[in-house]
Amino acid sequence: MTQTLETGTTTQERVDAWLADFEAALAARDAERAAGLFATTSFWRDLVAFTWNLTTVENRDGVADLLRATMESTDARNFHTTEEPTEADGVVDAWIGFETAVGRARGHLRLTDEGAWTLLTTLYELKGHEEPLGEARPMGAEHGANRNRVTWAEARRAESEELGRTREPYVVVVGGGQGGIALGARLRQLGVSHVVVDRYDRPGDQWRSRYKSLCLHDPVWYDHLPYLDFPKNWPVFAPKDKIADWLEFYTKVMEVTYWSKTTCRSATFDDSTKEWTVVLDRDGEEITLHPKQLVLATGMSGKPNVPELPGQDVFRGEQHHSSQHPGPDAYKGKKVVVIGSNNSAFDICGALWEVGADVTMVQRSSTHIVKSDSLMDLGLGDLYSERAVAAGVTTQKADMIFASLPYRIMHTFQQPVYAAIKERDREFYDRLEAAGFQHDWGDDDSGLFMKYLRRGSGYYIDVGAADLVANGDVRLVQGQVVSLSENAVQLKDGTELEADLVVYATGYGSMNGWAADLISQEVADKVGKVWGLGSGTTKDPGPWEGEQRNMWKPTQQEALWFHGGNLHQSRHYSLYLALQLKARHEGIPTPVYGLQEVHHLR
Ligand SMILES: Cc1cc2nc3c(=O)[nH]c(=O)nc-3n(C[C@H](O)[C@H](O)[C@H](O)COP(=O)(O)OP(=O)(O)OC[C@H]3O[C@@H](n4cnc5c(N)ncnc54)[C@H](O)[C@@H]3O)c2cc1C
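What counts and what doesn't
- Within any chain, residue numbers begin from 1 and follow the written order of that chain's sequence.
- Owing to the predicted nature of the model, reporting of local features is limited to residues with pLDDT of at least 70; listing and counting of side-chain atom pairs is limited to 80 or more, with chain, interface and lining totals taken over all residues.
- Note that water and hydrogens are dropped before the side-chain values are worked out from all heavy atoms of the structure.
- Among buried residues, those of type Ala, Val, Leu, Ile, Met, Phe, Trp, Tyr and Cys that are joined through side-chain atoms within 4.5 Å constitute a nonpolar core.
- For every residue, the accessible area (1.4 Å probe, protein chains only) is compared with the maximum for its type, and the residue is labelled buried under 20%, exposed over 50%, or partly exposed between those bounds.
- In this description a helix means any DSSP run of H or I spanning at least four residues, a strand means any run of E spanning at least two, and both kinds are numbered starting from the N terminus.
- Here a residue-residue contact requires only that any non-hydrogen atoms of the pair lie within 4.5 Å.
- The term salt bridge refers to a side-chain nitrogen of Lys or Arg lying within 4 Å of a carboxyl oxygen of Asp or Glu.
- Whether a residue is near a molecule or strand is decided by its heavy atoms; if any one of them lies within 4 Å of it, the residue is near.
- Whenever two N or O atoms come within 3.5 Å, that pair is a polar contact, provided that in protein one can donate a hydrogen and the other can accept it, and provided that, for residues adjacent in sequence, both atoms are side-chain atoms.
- Accessible areas in this description were obtained via Shrake-Rupley with a 1.4 Å probe; residue shielding takes into account the shown protein chains only.
- When residues are grouped by polarity, Ala, Val, Leu, Ile, Met, Phe, Trp, Tyr, Cys and Pro land in nonpolar, Asp, Glu, Lys and Arg in charged, and all others, Gly among them, in polar.
- Here a pair means two rings of Phe, Tyr or Trp (six-membered ring of Trp) with centres within 6.5 Å. Their orientation is stacked below 30 degrees between planes, edge-to-face above 60, and tilted elsewhere.
- We call a charge positioned above a ring when the Lys NZ or Arg CZ atom is no farther than 6 Å from the ring centre and deviates by at most 35 degrees from the ring normal.
- Pairing between strands requires that DSSP locate at least two bridges from one strand to the other.
- Axes, fitted as lines to C-alpha atoms, cover a helix only where it is in contact. Angles between the N-to-C directions of the axes lie from 0 to 180 degrees.

Caption draft 1: Representation of the nonpolar core in the model. Grouped together as the largest cluster of nonpolar side chains are 169 residues, with contacts concentrated most on F22, W44, F50, L67, L294 and V338. With nine residues, helix α19 (residues 567-585) is the single largest residue contributor to this core. When near neighbours in sequence (up to four residues on either side) are disregarded, F50 contacts L26, W44, L66, L67, T70, T74, A76, F79, F98 and T121. Residues I339, V481, L484 and A499 belong to the second largest nonpolar core, which totals 14 residues.

Caption draft 2: Examining the pattern of salt bridges more closely. A full pass over the atoms with the stated rule returns 44 salt bridges. Among the ionic pairs, D462 bridges to K371, the shortest N-O distance being 3.6 Å. Residue D462 is found in strand β19 (residues 459-462), and its partner K371 is found in strand β18 (residues 368-371); the two are separated by 91 residues along the sequence. Among the ionic pairs, R387 bridges to D382, the shortest N-O distance being 2.5 Å. The exposure class assigned to R387 is partly exposed, which follows from its relative accessible area of 42%. According to the relative accessible area criterion, D382 is exposed, its value standing at 55%. What emerges from the salt-bridge pattern is a single network uniting R29, E72, D75, R77, E99 and K127.

Caption draft 3: Just unusual backbone geometry, in detail. With omega at 5°, the peptide bond leading from G542 into P543 counts as cis. Structurally, P543 is set in the loop between α18 (521-527) and β25 (560-562). Although it is not a glycine, V48 sits at a positive phi angle of roughly 75°.

Caption draft 4: Up close: the site of the ligand. Near the ligand there are 33 residues, and of these Q178, G179, D198, Q206 and H217 occur at the shortest range. The contact in question runs from an oxygen atom of the ligand to an N or O atom on the side chain of Q178, over 2.7 Å. A distance of 2.9 Å is found between an oxygen atom of the ligand and a backbone nitrogen or oxygen belonging to L567. Relative to its unbound accessible area of 960 Å², the ligand is 92% covered by the protein chains. Among the elements of the structure, α5 (178-190), α6 (205-208), β11 (262-270) and α17 (512-518) are those that each provide at least two residues to the shell around the ligand. Looking at the shell around the ligand residue by residue, the class counts come to 13 nonpolar, 16 polar and four charged.

Caption draft 5: Quick peek at the packing of aromatic side chains. In the structure shown here, the tally under the stated rule is 26 aromatic pairs. A centroid spacing of 4.8 Å and a plane angle of 25° characterise the contact between W18 and F22, whose relative ring orientation is stacked. Here W18 pairs with F22, and both are found in helix α1 (residues 11-27), just four residues apart, close to one helical turn. A relative accessible area of 0% means that F22 is categorised as buried. Following the ring pairs from residue to residue traces out a cluster consisting of W18, F22, F38, W44, F50, F79 and F98. Residue placement shows R282 over the ring face of W259; its charged tip is 3.9 Å from the ring centre. Directly above the ring of F428 sits K371, whose terminal nitrogen or CZ lies 4.1 Å from the centroid.

Caption draft 6: Local environment of the sheet that holds strand β23 (residues 496-498). The three strands lie next to each other as β21-β22-β23, forming an open sheet whose pairing is antiparallel. Since the sheet does not close on itself, it has two edges, and those belong to β21 (481-484) and β23, each with one partner. Adjacent strand axes in the sheet meet at a mean angle of 25°, parallel and antiparallel pairs treated alike. Taken together, the three bridges between strand β22 (residues 488-491) and β23 define a ladder with antiparallel strand orientation. Its bridge partner lying in β23, A488 is registered against E498.

Caption draft 7: Representation of the pairing of strand β14 (residues 293-296) in the model. Neither face of β14 is exposed, since Q293 and V295 on one face and L294 and L296 on the opposite face are all buried. Of the pairings in the sheet, the one linking strand β8 (residues 171-174) to β14 comprises four bridges and is parallel in character. The partner of V174 across the bridge, within β14, is L296. Relative to β25, β14 is paired through three bridges, and the arrangement is parallel. Its bridge partner being in β25, V295 is matched across the sheet by W561.

Caption draft 8: The sheet that holds strand β12 (residues 275-282), seen in detail. What the three strands build is an open sheet, ordered β11-β12-β13; its pairing is antiparallel. Across the chains shown, the open sheet's two edge strands, defined by having one partner strand only, are β11 and β13 (285-289). The sheet shows a mean angle of 15° between the axes of neighbouring strands, taken without regard to direction. Pairing analysis gives eight bridges linking β11 to β12, with the strands arranged antiparallel. Across the sheet, residue T263 finds its bridge partner in β12, namely D281.

Caption draft 9: Layout of the environment of R167. Its place among the elements puts R167 in the loop between α4 (152-162) and β8. C-alpha of R167 to C-alpha of T412: the two residues are 245 residues apart in sequence and 51 Å apart in space. When neighbours within four sequence positions are excluded, R167 is seen to be in contact with E159, E162 and S193. In this structure the side chain of R167 is engaged in a polar contact, spanning 3.1 Å, whose partner is the side chain of E162.

As structure tokens, this is what we get:
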């Protein structure tokens, strides 16, 4: 047990005292007193426990404001530590648990001499609606004699026949990629009737349809789905078709209600009935559903940005967006121009070079590159690796540690990591820059994760293709593409690049474009931009939002939600989205604190 020298108290006693003071102030409904327990510069991140929102408040004023609005209805109590706190560099780290009027919650506290520096509070279950897990798992078999016995398969069949015909689902999730599937699994566990619809033929087809060389860039420890970890022999970086098969299998074993070959055509919300009308094309049959909640899990990488260029109609070769790129096989010996210099561009260039295509990459703006080995070791190793697991950092714990870092200061934790990577791979970066590649580390040198969270683009996790650019095997050209001719791509400075194939590796648009397509432009504008933090850095305009815009939390359009992100985010945040939906399903009051304002349309 660590002991604080000056006071003679242990870290455990310090944390216990803080929690007791906090609880007493809450019980007295004294927001100012509770806020006084925080440091002058402090952050409280709440995921649904107090606010029915994902929100971060800052400093004592922010804490007091949050509490004035929420403490009565939340009625939080029984704060306690869930393991022995630790102390390093003057900061005490404590894992905590507590309960609210309607649920059970856990979180994390960082204490300094001045008070709470960071507090994370997260709801994980609703009282009376606990998930049937462990001791509470379903029996499966029904022992005894029963003339009206209904088997599991019969019950499943009956449910699928009724749903959408004689019984409405409470939630429709549009998009059955990993996001929709993970949410569907959680809704099944929570007993919320749902349908996940996807236009593809089979779960996993989102991954099957991508270019053939693709493997996950994130390692297995980062990628587990809710409830069911990958087996111990799962590869570190899963090939795309393997992850696709896993998603298909997972959909089945987790009993997600999943309609394949089903395209959502439109959705309209009726303010008086508080119901959506969702029109679907299910393998040629038109079906209209009336759910109370609509989730768009249509993918951050779903709305391709394809530049409109003069001459695209006269170009005689082939041209497609990276999302349509089939892989390199048909392009051996062909001249290929890949426009863009981020992940997809590099992966595609590398695979084309391997089959003997003549490849040119057009870089339009600078890119951040980090070598996969270095990222795994220095960026993710302490949280998501075999080393982390051996040290007791399970994926769930790692998710909570990650969540405990407020976005406002997350870059300060990232900067030293990327400084170390820069040092370790100095020779690599020197070669890349000598080849004329424009490289950056993010506006404030905070690297890849911050770029991902802020703008979802602008980087490449190098698995080998960067060397091809550095040594000239893949030709690198800088410039802006202005037009296409019959056989070439033309740049602003007059450069002509002959091409049989042009690949637009030009990224994806904001997810609220899906709201415009499926619902209306009016609703898309009402909801505003999806993703980003408002950091004021490139492609993430301010003002500061505190959380990712519109993701996994209430939006300005009642009963409309956005879900998605990488496998880590799909896993972690699907819990909070599922709990928000479940609470509404059960008629539990969900007063939302700090509903996000809209500052940008897209
Ligand atoms: C090349 C590439 C590499 C990537 N590598 C990684 C990685 O290593 N790790 C990682 O975590 N992420 C990676 N990603 C990001 C990846 O896109 C997401 O992690 C993942 O696919 C997102 O899942 P999702 O469920 O949010 O969206 P998606 O997988 O895009 O699924 C969205 C689904 O919505 C469906 N849909 C859209 N509109 C409709 C409609 N109107 N009706 C019915 N269905 C509809 C689509 O058919 C699609 O299946 C990569 C992405 C790309 C493009």
